[in-house]
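Residue-level structure breakdown
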Amino acid sequence: MTHRSRGLLRSALLLLAAFAIIVSGCGNGGKDSSASGAKTDAGKAGSKSSIKQQSYFIFDTIVTVKIYDERAGDKQFKDIEAILNEIDASLNRTKDTSELAKIRSAAGKEAVQVSQETFDVVAKSIDYAKRTKGRFDPTVGPIVDLWNIGHENAKVPDPKVLQGKLQLVGYEDVTLNPDKREIKLNREGMELDMGSIGKGYAADRIADYLRESGFPSAIVDLGGNIYAVGEKPGGSDWTIGVQDPDTTRGNQIGKMKVKDKTIVTSGVYERYFVENGKHYHHILDPATGYPVENQLSSVTIVTSSSTDADALSTSTFALGLEEGMKFVESNPDVEAIFITTEHDVYCTSGIKKIFELTNDKYKIVN
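A quick note: this is a predicted structure, and the numbers were derived from the prediction, not measured.

Cut-off values and rules
- Residues numbered from 1 in each chain as written.
- Predicted model: local features only at pLDDT ≥ 70, side-chain atom pairs only at ≥ 80, totals over all residues.
- Heavy atoms only, no water.
- Helix = DSSP H or I, 4+ residues; strand = E, 2+ residues; numbered from the N terminus.
- Buried < 20%, exposed > 50% of the residue type's maximum accessible area, 1.4 Å probe, protein only.
- Contact = heavy atoms within 4.5 Å.
- Areas by Shrake-Rupley, 256 points an atom, 1.4 Å probe, with all protein chains shown as cover.
- Core = buried A, V, L, I, M, F, W, Y, C linked by side-chain atoms within 4.5 Å.
- Axes fitted to C-alpha atoms, helices over the stretch in contact; angles between N-to-C directions.
- Salt bridge = Lys/Arg side-chain N within 4 Å of Asp/Glu carboxyl O.
- Polar contact = N/O pair within 3.5 Å; in protein donor to acceptor, adjacent residues only side chain to side chain.
- Pairing = 2+ DSSP bridges.
- Expected span 1.5 Å × (residues − 1).

Glancing now at the overall build of the chain. For the chain, the count of helices and strands is 10 helices and 19 strands. In the chain, which comprises 366 residues, the share counted as buried stands at 56%. Long-range pairs, those at least 24 residues apart, make up 61% of the contacts in the chain with a sequence separation of at least 6. Surface exposure of the chain reaches about 15,500 Å², of which carbon and sulfur atoms provide 48%.

See the structure below:
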């Protein structure tokens, strides 16, 4: 029987509580990763009122946007909410009126014309599927539903039922027509899942909106997908903590200084349940239908595009340490931190310049 299952709402509330700890504005006496550090930096930038913050519940998580500018107000936060609702209406496969739901309903029958944003996100996910030879696969919807990880009734599925659903997984059976913005799933019962790329896309959209609106300093957090927009008021770097995969959100293994970068992590701690003493996390192997098992606890990606970072964090986790490192190194302007179940930390070449390990339970080995 299931001993524990983390519901997404519960996780979202934990995330909101941890936000001020894992993302800090600046250090006060070197305490970059503390909540008080963030408040002190806001004071140096002008006053506490110069930081405007709004949280939303969407994509089954808490989305928090902090704008470090006293000019920010209701209009900006309403515009951001509209952006989130627009993306949710397109890419939320559990919403019957979404474009993904319409594609699912037409699976095996006909192509569906979609908005440009939906087409572009799906096309990018198919590109990652091709580049990873299917280790990343956006057609995992049928097996995601079967496991239902992140909800209270998550359970290990019947092996025979799982094998049947696996027959519906295969990115090669997705037909894209860019001229008409049409998407077709070639077999009935197939379903797209943008869960491994959609939040990253939303972070990019919000970051772009803030820049275009003249707000150069902001933190956008979509359930662990963090975008540090621009630089801090005053011109210095943001300090971002890297989550300890053995503990709840807000506890870190180290920190890094970045500006105008996104930091996205995929790990075994995000959504999972325990059944008969075994831990089952949400990153599923499209080949077996079971959670990926490869001695990795988490992968953190640092780059400029949150859409790519979202896909890369899942892709590289699924590929494993050796192949994942090679895959990251083949992508320009991308860095990564791999954490193993043995508490070893592997960093790509560029990340070593900005990452500081602060937890003596872990060690950098490369």
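With that settled, consider the nonpolar core. In terms of nonpolar packing, the biggest core is built from 65 residues, with Val65, Ile80, Leu84, Leu192 and Leu210 touching the most fellow members. Looking at this core, the element that brings in the most residues is helix H8 (residues 198–212), giving 7 residues. In this structure valine 65 touches Lys52, Gln53, Gln54, Tyr56, Phe77, Ile80, Ile206, Leu210, Ile219 and Val220, once residues within four positions along its chain are discounted.

Quick look at the packing of helix H9 (residues 306–319) against helix H10 (residues 321–329) now. At their nearest, the axes of H9 and H10 sit 6 Å apart, and the two run at 145 degrees to each other. Counted together, Leu312, Ser315, Thr316 and Leu319 of H9 and Leu321, Glu323, Gly324, Phe327 and Val328 of H10 form the full contact between these two elements.

The next point concerns the pattern of salt bridges. Counted under the stated rule, the structure contains 25 salt bridges. Close ionic contact of arginine 93 with glutamate 191 constitutes a salt bridge, the shortest N to O distance being 2.8 Å. Taken together, the residues arginine 93 in the loop between helix H3 (74–91) and helix H4 (99–105) and glutamate 191 in the loop between strand E7 (182–185) and H8 connect sequence positions 98 residues apart. Between lysine 124 and aspartate 308 there is a salt bridge, with its nearest N and O atoms 3.1 Å apart.

For the rest of this paragraph, the subject is the side chain of glutamine 76. With respect to the helices and strands, glutamine 76 occurs in helix H3. Residue glutamine 76 is classed as buried on the basis of its relative accessible area of 12%. Among the polar contacts made by the side chain of glutamine 76, one reaches the main-chain amide nitrogen of glycine 73 at a distance of 2.8 Å. Ignoring any residue separated from it by four or fewer positions in sequence, one finds glutamine 76 in contact with Ile67, Arg71, Tyr209 and Phe215.

Attention now goes to the sheet that holds strand E8 (residues 217–222). The strand order across the open sheet formed by 9 strands is E3-E4-E8-E9-E12-E15-E16-E17-E19, and the pairing between neighbours is mixed. Here the strands that pair on one side only, and so sit at the sheet edges, are strand E3 (51–58) and strand E19 (363–364). Bridge count for strand E16 (residues 335–340) against strand E17 (residues 344–347) is 3 bridges, and the pairing is antiparallel. Residue pairing in the sheet places isoleucine 337 in a bridge with cysteine 347 of E17. Across the sheet, H9 lies against strand E9 (225–230), strand E12 (261–267), strand E15 (296–303) and E16, angled at about 155 degrees from E15, the strand it touches most. Lying over the sheet, H10 contacts E15, E16 and E17, oriented at roughly 170 degrees with respect to E16.

Here aspartate 193 lies in the loop between E7 and H8. The class for aspartate 193 is buried, based on a relative accessible area of 16%. Between the C-alpha atoms of aspartate 193 and arginine 93, which are 100 residues apart in sequence, the distance is 6.7 Å. In this structure aspartate 193 touches Arg93, Pro138, Val140, Gly141 and Val144, once residues within four positions along its chain are discounted. Among the polar contacts listed, one links the side chain of aspartate 193 to the side chain of arginine 93, at a separation of 3.2 Å.

What follows concerns the pairing of strand E10 (residues 238–243). Burial analysis of E10 places 6 of its 6 residues in the buried class, which makes it a mostly covered element. Every second residue of E10 is oriented toward a common face, with Trp238, Ile240 and Val242 on one face and Thr239, Gly241 and Gln243 on the other, all of them buried. Sheet analysis places E10 next to strand E11 (residues 252–258), joined by 6 bridges and oriented antiparallel. Following the sheet pairing, valine 242 is matched in E11 by glycine 254.

Mapping serine 305 onto the fold places it in the loop between E15 and H9. Among the polar contacts made by the side chain of serine 305, one reaches the side chain of aspartate 204 at a distance of 3.4 Å. Once you skip the residues sitting within four places of it in the chain, serine 305 turns out to touch Asp204 and Thr262.

Okay, H8 next. Its 15 residues give H8 an end-to-end C-alpha distance of 21 Å, which sits within 8% of 21 Å, the value for a rise of 1.5 Å per residue. Among the 15 residues that make up H8, 11 are buried, leaving the element largely enclosed by the rest of the structure. What H8 keeps buried is the set Gly198, Lys199, Gly200, Tyr201, Ala202, Ala203, Asp204, Ile206, Ala207, Tyr209 and Leu210. In this structure, the buried side of H8 is in contact with strand E4 (61–68), H3, helix H5 (116–131), E8, E9 and H9. At the exit of H8 stands glycine 214, carrying a positive phi of roughly 85 degrees.

Note that all results are geometric; they support no functional claim without further evidence.
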